[in-house]
Amino acid sequence: MTNNIKTVLLLTALTVLIVALGDVFGGRQGMVIAFFLALAMNFVSYWYSDRIVLAMYKAREVGPSDEPGLHEMVSTLAQRARLPKPRLFIIPQDSPNAFATGRNPDHAVLAVTEGLLKLMGKDELAGVLSHELAHVKNRDILISTIAATLAGAIMVLANMARWSAIFGGGRDDDEGGGNILILFVMSFIAPIAALVIQMAISRSREYQADATGAAIAGQAGGLARALSLLGQASGRLPLEAKPATAHMFIVNPLTGRQFARLFSTHPPLEERIARLRAMR
C-alpha cells in the first residue's frame, strides 16, 4: 500500500470516528459545533504556523550574502522539485535538525539548525533539504492541518459526550435514551484512537517525504547517511523543542524521552534508513 493511499484511508478513519462518536452522543448539531471549533483553531495554525514556530525557536532569516552555499543548494534542489525557492532560516541551536513550514509552496520556509550545518557534508545536507522540500511539494502542512482538525473535533465531541454521560444525556431513541456506559467509555476511547490515527498519518508522510526527497536529490544515500548522523547526534545534543512542534522536524527532537511507538510522530530511524538503502 502506498503512503498516499494509507493517508487517505487514515483520514477517512478519522472522519468515520467523528460520525460514530456524534451518533452515540446523539446530535448532528454537536458534531457541527465540534468540527467548526476545531477548524477555527487549526485555521490560525495553518495560516500563521510559519511565524509562530519561527518565533518560538528564535530563527533568523538568512539571505544569499549570509549563506551563499546554502542558498545555491536550495535553489538547485527547488528547481529540480519544480518549486519556488523557499525562504531560509537558521535556528541558533547546536542540535542538528530541520523543518519546513508555510501554508503552500509559494509561502514555504525551510529552517535548519546551526548544528545541522556543522555536522552535514554536502550530500547529506542536500538529502535533508530535499526531504524538507518534499514536505512542501507533497502539501504535508495542509494534510497535517486536516488531520489535526478532524482529531480536534473528536476531542471536543468526546468532552461533550463525557459530560453528557455524567449528567445522564445521550441519544434519544425508541428504547428510552442512549446507553450511558457506551457513551462514557467511547468518550475515553475515541480521543486515544484519534491520536493514534493522527500519529500514523504523520509517520506515513515522513516515509513519503523520504522517498520524494531521494528523488529530488537524485540519490537516496545522502539522506540515509544524514538520518544515521542525526540519530547518533540527537542523544548527545538534545534539541530544546516543544512537543506540539515535534512532528515538523526531520527527526523527532524528543527521542531522548520515552514515547510509545503508536504515539510517535516519526517512524523508527532504522526503518527509514533501511527503506532508503533499498532504493535503486
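Residues numbered from 1 in each chain as written. Predicted model: local features only at pLDDT ≥ 70, side-chain atom pairs only at ≥ 80, totals over all residues. Heavy atoms only, no water.

A.B. asks: Hey, could you go over the nonpolar core for me, with residue numbers and the actual values?
C.D. replies: Ranked by internal contacts, the top residues of the largest apolar core, which has 36 residues, are Leu 116, Leu 129, Leu 227 and Leu 230. Of all the secondary-structure elements, those providing two or more residues to this core are helix 3 (68–81), strand 2 (87–91), strand 3 (98–101), strand 4 (109–113), helix 5 (122–137), helix 7 (180–217), helix 8 (221–236) and helix 9 (269–277). Per element, the largest residue contribution to this core is 7 residues, and it comes from helix 5. Those residues in contact with Leu 129 that lie beyond four places of it in its chain are Leu 70, Met 73, Val 74, Leu 77, Leu 110 and Val 112. In this structure, Val 53, Phe 89, Phe 99 and Leu 239 belong to the second largest nonpolar core, which totals 15 residues. (Core = buried A, V, L, I, M, F, W, Y, C linked by side-chain atoms within 4.5 Å. Buried < 20%, exposed > 50% of the residue type's maximum accessible area, 1.4 Å probe, protein only. Helix = DSSP H or I, 4+ residues; strand = E, 2+ residues; numbered from the N terminus. Contact = heavy atoms within 4.5 Å.)

A.B. asks: Before we move on, can you summarise the packing of helix 8 against helix 9 with the specific residues and values?
C.D. replies: Between two packed helices, both the angle of their axes relative to each other and the distance between the axes serve to describe the pair. Following both chains from N to C, one finds helix 8 and helix 9 inclined at 165 degrees, their axes separated by 9 Å at the closest point. Looking at the two axes, helix 8 sits roughly antiparallel to helix 9. Seen along the crossing, helix 8 lies across helix 9 with a hand that is left-handed. Seen from helix 8, the contacting residues are Leu 223, Ala 224, Leu 227, Ser 228 and Gly 231; seen from helix 9, they are Leu 269, Arg 272, Ile 273, Leu 276 and Arg 277. (Axes fitted to C-alpha atoms, helices over the stretch in contact; angles between N-to-C directions. Parallel < 35°, antiparallel > 145°, perpendicular 65-115°, else oblique. Left-handed = near helix turned anticlockwise from the far one by under 90°.)

A.B. asks: Describe in detail the packing of helix 3 against helix 5, supporting the description with residues and values.
C.D. replies: Direction vectors running N to C along helix 3 and helix 5 enclose 50 degrees, while the axes themselves pass 10 Å from each other. Taken as axis vectors, helix 3 and helix 5 run oblique relative to one another. In this structure, helix 3 meets helix 5 at a crossing whose hand is right-handed. Contact residues: Leu 70, Met 73, Val 74, Leu 77, Ala 78 and Ala 81 in helix 3; Lys 122, Leu 125, Ala 126, Leu 129, Ser 130, Leu 133 and Lys 137 in helix 5. The residue inventory of the contact of helix 3 with helix 5, partitioned by class, reads 10 nonpolar, 1 polar and 2 charged. (Nonpolar A, V, L, I, M, F, W, Y, C, P; charged D, E, K, R; others polar.)

A.B. asks: Outline the pattern of salt bridges, listing residues and values.
C.D. replies: With the rule as written, the count across this model stands at 8 salt bridges. Close ionic contact of Arg 225 with Asp 123 constitutes a salt bridge, the shortest N to O distance being 4.0 Å. Remark: Asp 123 occurs in helix 5 and Arg 225 occurs in helix 8; sequence separation between them is 102 residues. Its relative accessible area of 39% is what places Asp 123 among the partly exposed residues. Here Arg 225 ties to Glu 124 by a salt bridge, and the two come within 2.7 Å at their closest N and O atoms. Here the residue Arg 225 occupies a position in helix 8, and Glu 124 occupies one in helix 5, the gap between them amounting to 101 residues. Salt bridges sharing partners connect three or more residues here, namely Asp 123, Glu 124 and Arg 225. (Salt bridge = Lys/Arg side-chain N within 4 Å of Asp/Glu carboxyl O.)

A.B. asks: Outline the sheet that holds strand 2, supporting the account with residue identities and numerical values.
C.D. replies: Pairing is mixed in the open sheet, where 4 strands are placed in the order 1-2-4-3. This sheet does not close on itself; its edge strands, each paired only once, are strand 1 (60–61) and strand 3. (Pairing = 2+ DSSP bridges.)

A.B. asks: Explain the pairing of strand 2 to me, using residue names and the numbers behind them.
C.D. replies: The side chains of a regular strand alternate, residue by residue, between the two faces of the sheet. The element strand 2 is largely enclosed, with a buried count of 4 among its 5 residues. Sheet topology note: the strand 1/strand 2 ladder contains 2 bridges and is antiparallel. Along strand 2, the bridge assignment pairs Glu 61 with Phe 89.

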